[in-house]
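# Understanding the architecture of this molecule
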Amino acid sequence: MSDLVQLAEENGIAIITINNPPVNALSPGVPEGIAAAIEQMDKDASVKAAVLIGGGKTFVAGADIKEFGKITAGKSGGGLELPTLLLKIEDCRKPVVMAIHGSAFGGGLELAMSGHYRVAVPSAQIGQPEVKLGIIPGAAGTQRLPRLAGAAKAVEMCADGNPIKALDALHAGIMDRLIEGDLLTGAIAFAREIADKPVRKTRERNEKLGSAEENDAIFATARENARKKQRGMAAPLAAIDAVEAATKLPFDEGCKIERKLFMDCLFSDQSKALIHVFFGEREVAKIPDIPKDTAVIPVNSAAVVGAGTMGGGIAMVLANAGVPVLLKEADQAALDKGIANIQKNYATSVKRGRFTQAFVDERLKLIQPTLGYDSFASADLVIEAVFEGMALKKEVFAELDRVCKPGAILASNTSTLNIDEIASSTSRPQAVIGTHFFSPANVMRLLEIVRGKASSKEVIATCMQLSKKIGKIGVLVGNCRGFVGNRMFHPYVRESVFLLEEGASVEAVDSAMYEFGMAMGPLAVGDLAGLDVGWRIRKEYRHLEKPGIRQAFAGDSLCEMGRYGQKTGAGWYKYDENRRALPDPEVTQLVRKWAAEAGIAQRQISREEIVDRCVYALVNEGARILEDGYALRAVDIDIIYLNGYGFPAYRGGPMWYADAVGLKKVFDRVEEFHRRHGELWEPAPLLKRLAEEGKKFADFNKEQSATA
Ligand code: 3H9
């Protein structure tokens, strides 16, 4: 037995406990330990049945994801194969009851399904989330799950990767009983009930598999959904193939198909990128100079200044997490409009089945509209979300400084302005921080947390922790113009407009980036956000641009014609009454005319150039941000782009993508653009150095940690 698995006995029932904190992953040593325990109890005549349970807060969260990188790098052959262990458990002559709390995910659910019975506490969750890592279940999950739950449920769980609750699992036939109260006690009692019954092997239970004919429609729909909802991803389609094999082939043959598909996925670029994302999402929570045990400020109540689109969305986010929130506007009409918008958004969520009416009623009670600052003294956290202008923000912060209690966090939702300047209007710059939400705030997962030069560690730690509580992924960024996300977005959009001015069509630019995997093309995003937003910012900051440098003008010229995008019914596209985008030949003609007047030569532009120009514009700016320390790590930039800007997760984010392409290749292309298009394409020094040294962006942090 290994240290990771313990075997005990209680009056004829063996208790096998896995203890591999924090999530009981099936790391090397765990399968071996379970195998030894099963062998021992199988031989022990005094034992009638066994309960297998997870120690600590969970059952088993799956295979050890860290091991996958070692396997693909050829550094690990793996120990005892998981599928072999699962056969051993299933073949055990005495019934094995799997007792589940926390999560049984991936290999954890596969382990559970190899047992003869499964019991769980009601709060437990089970799932086959492998597709989110770009792989499929690799220990017969696609073969055993349809045998317990039927093809429809199995294909849904394996292809979407979303977990289900214990009660759903009970209804689906995956679980045998829910245990209220102490799980181990309940599981032992259950084991005694079934101890004398013959063991039921999941792999021999074919009654729920259905016929191939019955299942054809299920798999066709699953494939259609996967192509739509997980566009560009290979793993969901592979998972569907594997589940389909379960319905058509004997168990052993199905397992062979699953294994081949699993290995193909494991060695794919998509899986490497998605595993990078899995660890990246956890890495961004770690701030080198802010220890994990830094004291946090309890946030039991909050206030939001400004009930516009952003302020209203932020109030909803806080209320959804159970935090009571004051919502302030300057006048009654604006306040009424803000509240009406919140009610409308909630009504849509109820209609879509995201929330129940009862949940929404409770949340609405937590949002208290107000016109004054009177009750702000009780707020632990205030988020300012007024119009984006420095003078107004400073006025608001001076007022907050006056009314808020000592120790309250004063946050700004600015997307571009200098946090230190905002903080200078208060007597407590240590309490001031940026919390940059993305629109719509109640939907988008990203929260850029902007560190001012005086922001205290407690304030930063609290905001990072709060981001998790409100269902966001918080990424700490430095205080530069546009912070990380918008600073990089500027050259990305600039290149998309340059490409138009050089001869590409609106549809060609957007479709190339959509095919690359972006949620939307850059021009369609401009229409959605409002072209006037960028136009105003460009006008405000024009004095900061180097004289003589090339400027993209087509978007501004459209704005001068009143074409602001969706809100005016026309921008880069025309919009019908349902806001559906239609190509507008007038835009093509106008851009050609403007380009001729500006003397810009027209040419055929390939899809490859569109993608390289747009993506490498992100990468080059990202490299500067990284070197200047405005992002802590390359992965922080990736997580920002995946969660705030629709960059495809299966490409790992812009910096990971560049590493995967090879920085030498990226640098050569950037140099070529520099020669052809001038100064704006000057290669970032970090990109140049890493390319010359044959390194990756991922190495930059290793270099930094080594010198720290
Ligand atoms: C699989 O099973 C394939 C099979 O078919 C078999 C093939 C042969 N491995 O998320 P948290 C770490 S694929 C390694 O912050 P929570 C995590 O990095 C796997 N490490 O906690 C973090 O480390 P750190 C399928 C793992 O309470 C720490 O544990 N399974 C693993 O918010 C705490 O994690 C999955 O995809 C792992 N499997 O959420 C499940 N899981 O502290 C993935 C976690 O150093 N895991 N870590 O940053 C989860 O969804 C969540 O971790 C869970 C807990 C819900 C379990």
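Residues numbered from 1 in each chain as written. Predicted model: local features only at pLDDT ≥ 70, side-chain atom pairs only at ≥ 80, totals over all residues. Heavy atoms only, no water.

### So, the overall build of the chain
To keep it simple, the criterion reads: Counting from the N terminus, the helices are DSSP H or I runs at least four residues long and the strands are E runs at least two residues long. When we talk radius of gyration, it's over C-alpha atoms, and the globule rule is simply 2.2 Å times the number of residues to the 0.38. When a residue's accessible area, from a 1.4 Å probe over protein chains only, is under 20% of the maximum for its type it is buried; when over 50% it is exposed; and in between it is partly exposed. The protein chains shown are the only cover counted for residues, whose accessible areas, like all others here, come from Shrake-Rupley with a 1.4 Å probe. Within this scheme the basic residues Lys and Arg register as positive and the acidic residues Asp and Glu register as negative, but His and the chain ends are omitted. Where a charge sits is defined by one atom per residue type, namely NZ (Lys), CZ (Arg), CG (Asp) or CD (Glu).
Within the chain, the regular secondary structure consists of 30 helices and 19 strands. Computed over its C-alpha atoms, the radius of gyration of the chain comes to 28 Å, within 12% of the 27 Å expected for a compact globule of 708 residues. Dimensions of the chain, computed from C-alpha atoms along their principal axes, come out at roughly 90 × 60 × 55 Å. Here the chain holds 708 residues, and 55% of them are scored as buried. Of the roughly 30,200 Å² of accessible surface on the chain, a fraction of 54% belongs to carbon and sulfur atoms. Computed over 88 positive and 90 negative side-chain charges, the inter-centroid distance for the chain is 1 Å.

### Here we look at the packing of helix 19 (residues 485–501) against helix 20 (residues 506–516)
We count it as follows: Lines are fitted to the C-alpha atoms to define the axes, a helix being fitted only along its stretch in contact, and any angle between axes, read from their N-to-C directions, falls within 0 to 180 degrees. Orientation is classified from the angle alone, with under 35 degrees giving roughly parallel, over 145 giving roughly antiparallel, 65 to 115 giving roughly perpendicular, and any other angle giving oblique. Take the far helix as your reference; a near helix turned counterclockwise from it by less than a right angle gives a left-handed crossing, and one turned clockwise gives a right-handed crossing. Should any heavy atoms of two residues lie within 4.5 Å, those residues are considered in contact. Just so you know the grouping, Ala, Val, Leu, Ile, Met, Phe, Trp, Tyr, Cys and Pro go in nonpolar, Asp, Glu, Lys and Arg go in charged, and all remaining residues, Gly too, go in polar.
Contact pair helix 19 / helix 20: the axes reach a minimum separation of 9 Å and the direction vectors enclose 140 degrees. Relative to helix 20, the element helix 19 is oriented oblique. When you trace helix 19 past helix 20, the crossing you get is right-handed. Side by side, helix 19 and helix 20 meet where Tyr492, Ser496, Leu499 and Leu500 of the first sit next to Val506, Val509 and Met513 of the second. Its residues placed into classes, the contact of helix 19 with helix 20 shows six nonpolar, one polar and no charged.

### Brief notes about helix 1 (residues 30–43)
This is how the line gets drawn: What a helix is expected to span follows from its residue count: subtract one and scale by 1.5 Å.
The end-to-end C-alpha separation of helix 1 is 20 Å, in line with the 20 Å expected for 14 residues at 1.5 Å each. The set of residues buried in helix 1 consists of Val30, Pro31, Gly33, Ile34, Ala35, Ala37, Ile38, Met41 and Asp42. Summarising the contacts, the buried residues of helix 1 are in contact with strand 1 (5–10), strand 2 (13–18), strand 3 (49–54), helix 3 (82–91), strand 4 (96–100) and helix 4 (107–114).

### Overview of the site of the ligand
Just so we agree on the cut-off: Throughout this document, a residue counts as near a molecule or strand when at least one of its heavy atoms sits within 4 Å of that molecule or strand. Pairs of N or O atoms are called polar contacts if they sit within 3.5 Å, as long as, within protein, a hydrogen donor faces a hydrogen acceptor (for residues adjacent in sequence, only side-chain-to-side-chain pairs).
The environment of the ligand is formed by 27 residues, the closest being Ala61, Gly107, Glu110, Arg282 and Lys286. Note that a nitrogen atom of the ligand is positioned 2.8 Å from one of the backbone N or O atoms of alanine 61. For the ligand, an oxygen atom lies 2.9 Å from a polar atom in the backbone of glycine 138. Burial of the ligand by the protein amounts to 76% of the accessible area it has alone, namely 1,000 Å². The set of elements that each furnish at least two residues to the shell around the ligand consists of helix 2 (65–72), strand 5 (103–105), helix 4 and helix 12 (269–283). Ranked by the residues each element gives to the shell around the ligand, the list is headed by helix 12, at three residues.

### Focus on the pairing of strand 13 (residues 381–384)
If a strand is regular, its side chains alternate between the two faces of the sheet. For clarity, the threshold we go by: For two strands to be treated as a pair, DSSP must find no fewer than two bridges joining them. Classification remark: right-handed applies to a crossover when, strands pointing away from the viewer, the course from the first strand over the helix to the second runs clockwise.
Here strand 13 shows no split at all, with Leu381 and Ile383 on one side and Val382 and Glu384 on the other all buried. Pairing between strand 10 (residues 302–305) and strand 13: four bridges, direction parallel. The residue bridging valine 304 from the neighbouring strand is isoleucine 383, located in strand 13. The pairing of strand 13 with strand 14 (residues 409–412) spans four bridges and is parallel. Note that in strand 14 the partner of glutamate 384 across the bridge is serine 412. You can see the chain leave strand 13, run along helix 16 (residues 390–403) and come back into strand 14, and the turn it takes is right-handed.

### What to know about the sheet that holds strand 12 (residues 367–370)
Reading across from one edge, 12-11-10-13-14-15-16-17 is the order of the eight strands in this open sheet, with mixed pairing throughout. Each edge of the open sheet is held by one strand with a lone partner, namely strand 12 and strand 17 (473–477). Looking at each pair of strands side by side, their axes are set apart by 25 degrees on average, direction ignored. Bridge count for strand 15 (residues 432–437) against strand 16 (residues 446–450) is four bridges, and the pairing is antiparallel. When the sheet's bridge partners are listed, histidine 436 is paired in strand 16 with glutamate 448.

### Comments concerning the side chain of glutamate 67
As for its position among the elements, glutamate 67 is in helix 2. The residues touching glutamate 67, leaving out its near neighbours within four places in the chain, are Pro28 and Ser76.

### Regarding the packing of aromatic side chains
Let me state the cut-off plainly: Each Phe, Tyr or Trp ring, with Trp reduced to its six-membered ring, pairs with another whose centre is within 6.5 Å; inter-plane angles below 30 degrees give stacked pairs, above 60 give edge-to-face pairs, and intermediate values give tilted ones. To sit over a ring, a charge needs its Lys NZ or Arg CZ within 6 Å of the ring centre and within 35 degrees of the ring normal.
The tally for this structure, following the rule as stated, stands at 15 aromatic pairs. On the numbers, 6.5 Å between centres and 70 degrees between planes, the contact of tyrosine 573 with tyrosine 575 is edge-to-face. Exposure class is identical for tyrosine 573 and tyrosine 575. Each is buried. Aromatic pair phenylalanine 673 and tryptophan 681: ring centres 4.9 Å apart, planes at 55 degrees, arrangement tilted. When the ring centre of phenylalanine 359 is taken as origin, the NZ or CZ atom of arginine 363, which lies over that ring, is 4.2 Å away. The positively charged end of arginine 613 is found above the aromatic ring belonging to phenylalanine 673, 5.9 Å away from the centroid.

### Brief notes about the layout of surface pockets
For the record, the criterion: Cavities and pockets are found on a 1 Å grid laid over the protein atoms alone: a cavity is a set of points where a 1.4 Å probe fits but cannot escape, a pocket is an open set with protein on both sides within 12 Å along at least five of seven lines, and a lining residue has an atom within 4 Å of such a point. Grid points are joined across faces, edges and corners, and a volume is the space filled by probe spheres set on the points. As used throughout, domain bounds are those supplied by an automatic or database domain assignment.
Roughly 760 Å³ of volume is contained in the second largest pocket. Broken down by secondary-structure element, the contributors of at least two residues to the lining of the second largest pocket are helix 2, helix 12, helix 26 (634–644), helix 27 (654–661) and helix 30 (697–707). The residue inventory of the lining of the second largest pocket, partitioned by class, reads twelve nonpolar, six polar and nine charged. Looking at which domains feed residues into the lining of the second largest pocket, each of domain 1 (5–267) and domain 3 (485–519 + 536–550 + 595–707) gives three or more.

### Some remarks on the sheet that holds strand 4
Read from one edge of the open sheet, six strands run 1-2-3-4-6-9, paired in mixed fashion. In this open sheet, the two strands that pair with only one neighbour each are strand 1 and strand 9 (177–178). In the sheet, strand 6 (residues 117–120) pairs with strand 9 via two bridges, with the strands oriented parallel. Bridge pairing in strand 9 links alanine 120 to leucine 178. Lying on the sheet, helix 4 is in contact with strand 2, strand 3, strand 4 and strand 6; it crosses strand 4 at an angle near 145 degrees.

### What about the packing of helix 25 (residues 607–627) against helix 27?
Their axes nearest at 9 Å, the elements helix 25 and helix 27 cross at an angle of 105 degrees. Judged on the interaxial angle alone, helix 27 and helix 25 are roughly perpendicular. Contact residues: helix 25 offers Val615, Tyr616, Leu618, Val619, Gly622 and Ala623, while helix 27 offers Pro654, Met655, Tyr657, Ala658 and Val661. Residue composition of the contact of helix 25 with helix 27, grouped by class: ten nonpolar, one polar and no charged.

### A short note on the environment of tyrosine 541
With respect to the helices, strands and loops of the structure, tyrosine 541 is situated in helix 22 (residues 531–541). Overall, tyrosine 541 belongs to the buried group, its relative accessible area being 13%. When neighbours within four sequence positions are excluded, tyrosine 541 is seen to be in contact with Leu417 and Arg481.

### Points about unusual backbone geometry
Following proline 21, the chain continues into proline 22 via a peptide bond in cis, with omega recorded as 5 degrees. Residue proline 440 is reached from serine 439 by a cis peptide bond, and omega for that bond is -10 degrees. Looking at the element boundaries, proline 440 is found in the loop between strand 15 and strand 16. For asparagine 24, which is not glycine, the phi torsion reads 55 degrees and is therefore positive. Take asparagine 24: it is sitting in the loop between strand 2 and helix 1. Among the residues examined, asparagine 24 registers a relative accessible area of 2% and is labelled buried. Even without being a glycine, alanine 140 presents a positive backbone phi close to 70 degrees. Within the fold, alanine 140 resides in the loop between strand 7 (125–127) and helix 5 (141–149).

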